[in-house]
Amino acid sequence: MFPEKIPELLILGLLFLTGWTAHIISSKAHIPRVTILLCIGVISGPAGFNLIPEEFAQYFGTVSHLALAMVGFLLGESFAGRDIVSQRWHILLISLGVSLVPAIFVFLFVLLISSNPILSLVLAGISTATDPAATIDVVREFKARGPLSKMLKSVVAIDDAWGIIIFSLLIVIAGNINNGGHDLSYIMGAAWEILGALLLGFLIGLPMSYFIGRNRAGEPTIVEAMGFVFICGGAAIYLHVSYLLACMMLGATVSKKAKHVERPFYDIETVSEPFLVIFFILSGISLDLSTLNPLILIILGYIVARTLGKILGARLFSVLVKSQPIIIRHLGGCLLPQAGVAIGMALLASEQFPELADIILSVAVSTTVLFEVFGPPITHWNLHKANELR
């Protein structure tokens, strides 16, 4: 007799082999692995054949925290790299543009469709979020090298900080419209979430920079590297600050301070693979198509507005800082993937505006999965047109 409940170990094994199969298909068909994994997740979830037990999806939050903590650590190295020091202000301004312009476009489009200023402001704030995990996965998988790839990794490392600021400001405005009050708590919360995360990452990065690689000269072990990264991410969650920004600051600090270590990021890059496989598959499983029919116009308007905003925002601000033509033409198309950060923003907004909770969550979840499916191939195409794929 077979047990009624499928063992979780068996499910994990199947997911890892699925990730391996997706990698093989990706290398043969030149389709980003992220897209294949997300499609497998959609087919396996409630929107498809419902193959994955519902209770297994409860681990999605933990897996996403683990995966994004490691991605943030790796992004810290990209932002602190010596080859982009002279472009630091360019990166800050471009990342502001790719967050601010989509928010303006989404607000106007959704307001035109729904005539609801509160919903328009909330979705505008959510539209600022990007997915560093999917973007960096494409860059790493196809070994992209060049000025566009460097700028892309740097922009996705910090644009979520702008996104948190813009989202918090728009939530305050929406709250004041809703109840006529003057609640500034979201602005204070945003300041703590960003500044507290950067301080936490720096403070943990100092001892990590000293201790890693001491036992085995020049190279940290997986155990010590993961220990510091997960402590940083877990402390950030406990203190209610951005764990992605905290881990990014951790990576930047180690990149600058750990001069005795040859490659402090190698082991984290290697060990993050299985976590990313599960993260992307579970992201696809989270989509439920049955809730989308009444919201199709809002969803389409959001997708069009966010896409135009990302592309035009990147192009406009790249021109303002006089970036290379290849960055002006192709950077915006590489920034379409939308991450779990958007879901987190949607949950916060749902608590603030419970009467709009169903609409906010449905739009955020469905558009996140759609941008995750179609965003990576567009990123791949832009990197290909820029002649940066190996």
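Residues numbered from 1 in each chain as written. Predicted model: local features only at pLDDT ≥ 70, side-chain atom pairs only at ≥ 80, totals over all residues. Heavy atoms only, no water.

### Section: the overall build of the protein
And then number 1: Looking only at helices and strands, the protein features 15 helices and 0 strands.
And then number 2: Nonlocal contacts in the protein, meaning residues at least 24 apart in sequence, comprise 82% of its contacts between residues at least 6 apart.
And then number 3: For the protein, the exposed area adds up to about 17,500 Å²; of that, 69% sits on carbon and sulfur atoms. (Helix = DSSP H or I, 4+ residues; strand = E, 2+ residues; numbered from the N terminus. Contact = heavy atoms within 4.5 Å. Areas by Shrake-Rupley, 256 points an atom, 1.4 Å probe, with all protein chains shown as cover.)

### Side note on the packing of helix H9 (residues 222–238) against helix H10 (residues 243–257)
And then number 1: Running from N to C, H9 and H10 point in directions that differ by 145 degrees, and their axes come no closer than 8 Å. Where H9 crosses over H10, the handedness of that crossing is right-handed. Of the residues in H10, those touching H9 at Phe-228, Val-229, Cys-232, Gly-233, Ala-236 and Ile-237 are Tyr-243, Ala-246, Cys-247 and Leu-250.
And then number 2: When the residues that make up the contact of H9 with H10 are grouped by side-chain class, the tally is 9 nonpolar, 1 polar and no charged. (Axes fitted to C-alpha atoms, helices over the stretch in contact; angles between N-to-C directions. Left-handed = near helix turned anticlockwise from the far one by under 90°. Nonpolar A, V, L, I, M, F, W, Y, C, P; charged D, E, K, R; others polar.)

### Remarks on the nonpolar core
And then number 1: Counting residues in hydrophobic clusters, the biggest one holds 107 residues, and the most contacted among them are Leu-123, Ile-126, Val-155, Val-229, Ile-268, Leu-331 and Ile-360.
And then number 2: When residues in this core are grouped by element, the largest group, 14 residues, is from helix H7 (residues 147–179).
And then number 3: Apart from the residues within four sequence positions on either side, Ile-360 is in contact with Leu-119, Val-122, Ile-126, Ala-346, Ala-349 and Ser-350. (Core = buried A, V, L, I, M, F, W, Y, C linked by side-chain atoms within 4.5 Å. Buried < 20%, exposed > 50% of the residue type's maximum accessible area, 1.4 Å probe, protein only.)

### Looking at unusual backbone geometry
In most cases, non-glycine residues show a negative phi, while peptide bonds are predominantly trans.
And then number 1: Residues other than glycine seldom take positive phi values, yet Lys-143 does so here, at roughly 50 degrees.
And then number 2: Here Lys-143 shows up in the loop between helix H6 (132–141) and H7.
And then number 3: In this structure, Asn-387 is a non-glycine residue whose phi angle is positive, near 60 degrees.
And then number 4: Locating Asn-387 in the fold gives a position in the segment after helix H15 (357–385).

### Let's talk about the environment of Ile-171
And then number 1: With respect to the secondary-structure elements, Ile-171 resides in helix H7.
And then number 2: By relative accessible area, Ile-171 is classed as buried at 2%.
And then number 3: Taking the C-alpha atoms as reference, Ile-171 lies 6.3 Å from Val-122; in sequence the two are 49 residues apart.

### Quick look at the packing of aromatic side chains
Geometrically, a pair of aromatic rings is defined through the distance of the ring centres and the angle of the planes.
And then number 1: For the structure shown, the criterion picks out 1 aromatic pair.
And then number 2: Centre to centre, the rings of Tyr-210 and Phe-211 are 5.1 Å apart; their planes meet at 85 degrees, and the pair counts as edge-to-face.
And then number 3: Over the aromatic face of Phe-371 sits the side chain of Arg-306, whose NZ or CZ is 4.5 Å from the ring centroid. (Phe/Tyr/Trp six-rings, centres within 6.5 Å; stacked < 30°, edge-to-face > 60°. Lys NZ or Arg CZ within 6 Å of the ring centre and 35° of its normal.)

### Brief notes about the environment of Trp-20
And then number 1: With respect to the helices, strands and loops of the structure, Trp-20 is situated in helix H1 (residues 8–29).
And then number 2: As for Trp-20 and Pro-274, which are separated by 254 residues in sequence, their C-alpha atoms are 9.6 Å apart.

### Re helix H12 (residues 296–320)
And then number 1: Between the first and last C-alpha of H12 there are 36 Å, a value that for 25 residues agrees with the 36 Å anticipated at 1.5 Å per step.
And then number 2: Lys-322 sits one or two residues past H12 and shows a positive phi near 60 degrees. (Expected span 1.5 Å × (residues − 1).)

### Some remarks on helix H5 (residues 117–126)
And then number 1: In terms of burial, H5 is a largely internal element, 9 of the 10 residues being buried.
And then number 2: Residues of H5 that are buried include every one of Ile-118, Leu-119, Ser-120, Leu-121, Val-122, Leu-123, Ala-124, Gly-125 and Ile-126, and no others.
And then number 3: Its side-chain oxygen 3.1 Å from the backbone nitrogen of Ile-118, Asn-116 forms the N-cap of H5. (Polar contact = N/O pair within 3.5 Å; in protein donor to acceptor, adjacent residues only side chain to side chain.)

### Brief notes about the confidence of the model for the protein
And then number 1: Here the protein averages 79 in pLDDT, and 80% of its residues register 70 or above.
And then number 2: Across the protein, H12 holds the top mean pLDDT of 92, while helix H14 (residues 340–352) sits lowest at 72. (pLDDT = per-residue confidence, 0-100.)

### Description of the side chain of Ser-120
And then number 1: Considering the arrangement of structural elements, one finds Ser-120 in helix H5.
And then number 2: The exposure class assigned to Ser-120 is buried, which follows from its relative accessible area of 0%.
And then number 3: Ignoring any residue separated from it by four or fewer positions in sequence, one finds Ser-120 in contact with Phe-107, Val-110, Leu-111 and Ser-114.

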